[in-house]
Amino acid sequence: MDERRQDTVRQAALDYHELPRPGKLEVRATKPLANGRDLSLAYSPGVAEACLEIKADPAAASRYTARGNLVAVVSNGTAVLGLGNIGPCAAKPVMEGKAVLFKKFANIDCFDLEIDETDPVRLAAIVRSLEPSFGAINLEDIKAPDCFIVEKLCRESMNIPVFHDDQHGTAIVVGAAATNALRVTGRAFDQIKVVSTGGGAAGIACLNMLLKLGVRRENVWLCDIHGLVHQGRAEDMTPQKSAFAQDTDLRTLDQVIDGADLFLGLSGPGVLSPDMVARMAARPIVFALANPSPEILPEDVRRAAPDAIIATGRSDYPNQVNNVLCFPFIFRGALDVGATEINDAMQLACIEGIAALARATTSAEAAAAYRGETLTFGPDYLIPKPFDPRLIGVVASAVARAAMASGVATRPLPDIAAYKRHLDGSVFRSALIMRPVFEASASANRRIVFAEGEDERILRAANVMLEETNDVPILIGRPEVIALRAERAGLPIRPAVDFEIVNPENDPRYRDYWETYHALMARRGVTPDVARAIMRTNTTVIGAIMVHRDEADSLICGAFGQYTWHLNHVREILARGGLHPVGALSMMIQEEGPLFIADTQVHHDPTPEQVADTVIGCARHVRRFGLTPRIALCSHSQFGNQDTPSGRKMREAMDLLARREVDFTYDGEMHVDAALDPAVRARLLPHSRLGTEPANVLVFAGTDAASAVRNILKTRAGGLEVGPILMGMGNRAHIVTPSITARGLLNISALAGTPVAHYG
């Protein structure tokens, strides 16, 4: 890195930590404190009730305080990253960063505690005294061998998990990477020779983990700065190193590397030479994990052994061994079952969960976060990426299951599958709210045609459909393009094998399709030549014709192009037999829960009749999600206080709904704040039909307002959109928008995969 770029990166890092406010953490209240009553509950006298409950049963602290979801990140700053003994205060940015990772990846609250104590026995005593405050302890950046002493003393006397991440976190991720490296190369743990450099905490822990995975102790050769750890050596020996001492006359790394299957480096730069790599076993496995400069650069390994399997600790090379794959999720599982420790069974379960996830199809979210990288299981993808959102569900549930099976869980979970669904729902925010829809679609077997079948988002959605549902995807596109993009995305699906393809350039049904389209459109100015041309180029029309001919049950289109353009084709071909587009409904998932917005796309300036139809359609579709509709008709006027066009329109729609005697709760016309805040509404209209609950559906007098609210919620308020759902078309077509994600397409496909009979 040149000097100018290095200065730029340094300043960017400093700015990141300083601005707009110093540090990376803050503390926020989880309960309201807005009035005297709140104060009396939060503090005196109400707080005494919680104190007495905990005095009677200390386990109740997990019910009445944050302790059950609170971890202390503890360090004395004696071995910080590659910086060494920089002291506790200078270590604080690292510990704050660790706390941020806990929160980001597993929603675990943390306090970082930098303790000015270098004596390991006294440090252990300080950590032990923290047990009443925390649900678990993460020891961090304590030098060896002190870290072994501190952890041992704490584990012996504490009844909460104590986990030294530098040891066990590294060991777990190395174990997962090694598991998959051996799978790729056709080896077994009990057959391999391991040569390791570095006798520190991480190195010793990794070797101990490899032994638990099946490596034979006599096949482990440990080297440090003084050479091979051998029997009779006195210099710089610890009990942990002595456990790996070999009875041999060999003394150096260069002498023991011959025939090694796995090199495990946790030492420093330049320790392993290309010549040494060339003398390792065929297809060697080289884990050069020193940071930021590894024991050998991957390009040097490749020159010596082109077929080598390589991992490093750096993010700019494949197979980054990063503790963040482990520690947030092993703590998540441990905390959720009230584990008293993190034992071997839990660590091995963590390894298998991480390794298995790398072997599974890559998630769309991980692919988006690491665009341009190949994320297909193999030599360059042994372990998942940190931003793979499936990690929490897979790993934490495996850890929780192991804790219960090994007898260290004080709060066993009654249903581990439900627990995993809950964890998935914490990262896939649509997962929980979509569950009733997916359950309804599971009983069906519908054929869903995707107009933009060459798009990677469509391919990922189709892959998950095949893995998790009974629905049958049909993709419109060129087979060779679809096959190439599926392979590039690391997806196992293949056209004409796993799903049906409609090739606009060459399909045996071409004549039938253009003749069907011409018959429908002959008196709308479409000639046979035009019909033939459209059937070669317009994939939305092709999909709509398939649904019209009952060769598919539902069409999904709109991943490219204007919504109204797709809507016109859907209306022309499929709006028959009483079906017609009523409106578009978008569900915005927020922290407070789902909020439905309509009509966001179909009627720019709807009539009162169209508004009433939209309201009825909203009620029907909201019930698909297992929710009770509470619908607010929104306008510039509020309960008749202004004679504006939108107010008059909504009042007329209210009259129409009253005459239709609908069976759901609605009210209007009103402002959005009155719809969402019962207190505001109570001051204006004490006897509103919506009662004391906020509305969960907002219907607007025009698409401008509805779309504006939808986009504000999505871009500024962090709302996640499900939809838009095209109402009134009997589930025969849905038109998405170009910003939709692969998961959004999967959600829409689940909606399309639910027969109309399931939701009225």
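Each remark here, short or long, concerns the structure printed above.
Residues numbered from 1 in each chain as written. Predicted model: local features only at pLDDT ≥ 70, side-chain atom pairs only at ≥ 80, totals over all residues. Heavy atoms only, no water.

J.: What exactly am I supposed to notice about the sheet that holds strand β10 (residues 309–312) here?
T.: Two modes of strand pairing occur in sheets, parallel and antiparallel, and in both the strands are linked by backbone hydrogen bonds. The 6 strands are arranged β7-β6-β5-β8-β9-β10 in an open sheet whose pairing can be described as mixed. Each edge of the open sheet is held by one strand with a lone partner, namely β7 (227–228) and β10. As paired strands, strand β6 (residues 220–224) and β7 are joined by 2 bridges and run antiparallel to one another. Among the inter-strand pairings, Asp224 is bridged to a residue of β7, identified as Gly227. Contacting β8 (262–265), β9 (285–288) and β10, helix α8 (residues 165–185) crosses the sheet at an angle of about 160 degrees to β9. (Pairing = 2+ DSSP bridges. Helix = DSSP H or I, 4+ residues; strand = E, 2+ residues; numbered from the N terminus. Contact = heavy atoms within 4.5 Å. Axes fitted to C-alpha atoms, helices over the stretch in contact; angles between N-to-C directions.)

J.: It is not clear to me how the sheet that holds strand β19 (residues 697–700) should be interpreted in this structure. Could you clarify?
T.: Reading across the sheet, the 6 strands line up as β18-β17-β19-β16-β15-β20 and stay open at both edges, with mixed pairing between neighbours. Two strands close off the open sheet at either side, each with one partner strand: β18 (665–670) and β20 (720–727). Averaged over all pairs of adjacent strands, the angle between strand axes in this sheet comes to 20 degrees, irrespective of strand direction. Judged from the 6 bridges that link them, strand β15 (residues 583–590) and strand β16 (residues 593–598) form a sheet pairing that is antiparallel. The partner of Met588 across the bridge, within β16, is Leu595. Docked against the sheet, helix α26 (residues 608–622) engages β15, β16, β17 (630–634), β19 and β20, running at close to 160 degrees with respect to β19.

J.: Is there a simple way to think about a nonpolar patch on the surface in this case?
T.: A surface patch of nonpolar side chains, amounting to about 370 Å² of accessible area, comprises Leu33, Leu39 and Tyr43. Summarising the element assignment, Leu39 is placed in helix α2 (residues 36–42). (Patch = residues over 30% accessible without salt bridge, like charges linked within 9 Å, V, L, I, M, F, W, Y side chains within 5 Å. Areas by Shrake-Rupley, 256 points an atom, 1.4 Å probe, with all protein chains shown as cover. Salt bridge = Lys/Arg side-chain N within 4 Å of Asp/Glu carboxyl O.)

J.: Before we go on, may I ask you to explain the pairing of β9 in this structure?
T.: Within a regular strand, the side chains alternate between the two sheet faces. What you see with β9 is no split at all: Ile285 and Phe287 on one side and Val286 and Ala288 on the other are buried throughout. Here β8 pairs with β9 via 4 bridges, running parallel. Residue Gly265 lies in a different strand from β9, and its bridge partner there is Ala288. In this structure, β9 lies alongside β10, joined through 4 bridges in parallel fashion. (Buried < 20%, exposed > 50% of the residue type's maximum accessible area, 1.4 Å probe, protein only.)

J.: When you look at the pattern of salt bridges in this model, what are you seeing that I'm missing?
T.: Opposite charge on two side chains allows them to pair when their charged atoms are near. Enumeration over the complete set of coordinates arrives at 44 salt bridges. Between Glu26 and Arg28 there is a salt bridge; the shortest N-O distance is 2.4 Å. A relative accessible area of 41% places Glu26 in the partly exposed class. The exposure class assigned to Arg28 is exposed, which follows from its relative accessible area of 67%. Note that Arg447 and Asp553 form a salt bridge whose closest N and O atoms lie 3.2 Å from each other. Of this pair, Arg447 sits in strand β11 (residues 447–450) while Asp553 is found in the loop between α24 (539–548) and β14 (554–557), placing the two residues 106 residues apart along the sequence. The network of salt bridges with common partners includes Glu500, Asp507, Arg509, Arg549 and Glu551.

J.: Even after reading the chapter, I still don't get the packing of helix α22 (residues 510–521) against helix α23 (residues 528–537), so can you show me in this structure?
T.: Relative orientation and spacing of two packed helices are given, respectively, by the angle between their axes and the distance between those axes. Where α22 contacts α23, the two axes come as close as 9 Å, and the packing angle between them is 125 degrees. Of the possible angle classes, the one that applies to α22 and α23 is oblique. Once α22 is placed against α23, the crossing between them reads as right-handed. Of the residues in α23, those in contact with Tyr510, Tyr513, Trp514, Tyr517 and His518 of α22 are Pro528, Ala531, Arg532, Ala533, Ile534, Met535 and Arg536. Partitioned by chemical class, the residues of the contact of α22 with α23 number 9 nonpolar, 1 polar and 2 charged. (Parallel < 35°, antiparallel > 145°, perpendicular 65-115°, else oblique. Left-handed = near helix turned anticlockwise from the far one by under 90°. Nonpolar A, V, L, I, M, F, W, Y, C, P; charged D, E, K, R; others polar.)

J.: Explanation requested: the packing of α8 against helix α9 (residues 201–212) in the structure shown.
T.: For the pair α8 and α9, interaxial distance at closest approach is 8 Å and the crossing angle is 45 degrees. When the interaxial angle is binned, α8 and α9 end up oblique. Note on packing geometry: the crossing formed by α8 with α9 is right-handed. Contacts between α8 and α9 pair Asp166, Gln167, His168, Thr170, Ala171, Ile172, Val174 and Ala178 from the former with Ala201, Ala202, Ala205, Cys206, Met209 and Leu210 from the latter. Here the residues of the contact of α8 with α9 are counted per class, giving 10 nonpolar, 3 polar and 1 charged.

J.: Before we go on, may I ask you to explain the side chain of Asp388 in this structure?
T.: Looking at the secondary structure, you find Asp388 in the loop between α16 (364–369) and α17 (391–405). What makes Asp388 buried here is its relative accessible area of 3%. Among the polar contacts made by the side chain of Asp388, one reaches the side chain of Arg390 at a distance of 2.8 Å. (Polar contact = N/O pair within 3.5 Å; in protein donor to acceptor, adjacent residues only side chain to side chain.)

J.: Help me understand the packing of aromatic side chains in this model?
T.: Centre distance and the angle of the planes are the two values used to describe a pair of aromatic rings. Evaluated as defined, the whole model comprises 6 aromatic pairs. Aromatic pair Phe111 and Phe134: ring centres 6.4 Å apart, planes at 80 degrees, arrangement edge-to-face. Note that Phe111 is positioned in strand β2 (residues 109–114) and Phe134 in the loop between α6 (120–128) and β3 (136–139), a separation of 23 residues in sequence. Between Phe596 and Phe625 the ring centres are 5.6 Å apart and the planes differ by 50 degrees, which places this aromatic pair in the tilted class. You can see Phe596 sitting in strand β16 and its partner Phe625 sitting in the loop between α26 and β17, a full 29 residues away along the chain. Each of the two residues, Phe596 as well as Phe625, counts as buried. (Phe/Tyr/Trp six-rings, centres within 6.5 Å; stacked < 30°, edge-to-face > 60°.)

J.: Just to check I follow, could you spell out the environment of Gly268 for this structure?
T.: Among the secondary structure elements, Gly268 is positioned in the loop between β8 and α12 (274–278). The class for Gly268 is buried, based on a relative accessible area of 14%. Each residue touching Gly268, except ones within four places of it in the same chain, is listed here: Ala290, Ser293, Pro294 and Glu295.

J.: So what exactly am I meant to see when it comes to α9 here?
T.: The periodicity of an α-helix, 3.6 residues per turn, causes residues three or four positions apart to be oriented the same way. With 12 residues, α9 extends 17 Å between its outermost C-alpha atoms, agreeing within 8% with the 16 Å of an ideal straight helix rising 1.5 Å per residue. Most of α9 sits out of view: 10 of its 12 residues are buried. Every buried residue belonging to α9 is among Ala201, Ala202, Gly203, Ile204, Ala205, Cys206, Leu207, Met209, Leu210 and Leu211, and all of these are buried. (Expected span 1.5 Å × (residues − 1).)

J.: I keep staring at the pairing of β18 and nothing clicks. Help me out?
T.: Among the 6 residues in β18, 5 count as buried, and that is most of the element. Bridging between β17 and β18 involves 5 bridges; their strand directions are parallel. Residue Ile631 lies in a different strand from β18, and its bridge partner there is Tyr666. Running through helix α27 (residues 645–660), the crossover from β17 to the neighbouring parallel element β18 is right-handed. (Right-handed = clockwise from strand over helix to strand, strands pointing away.)

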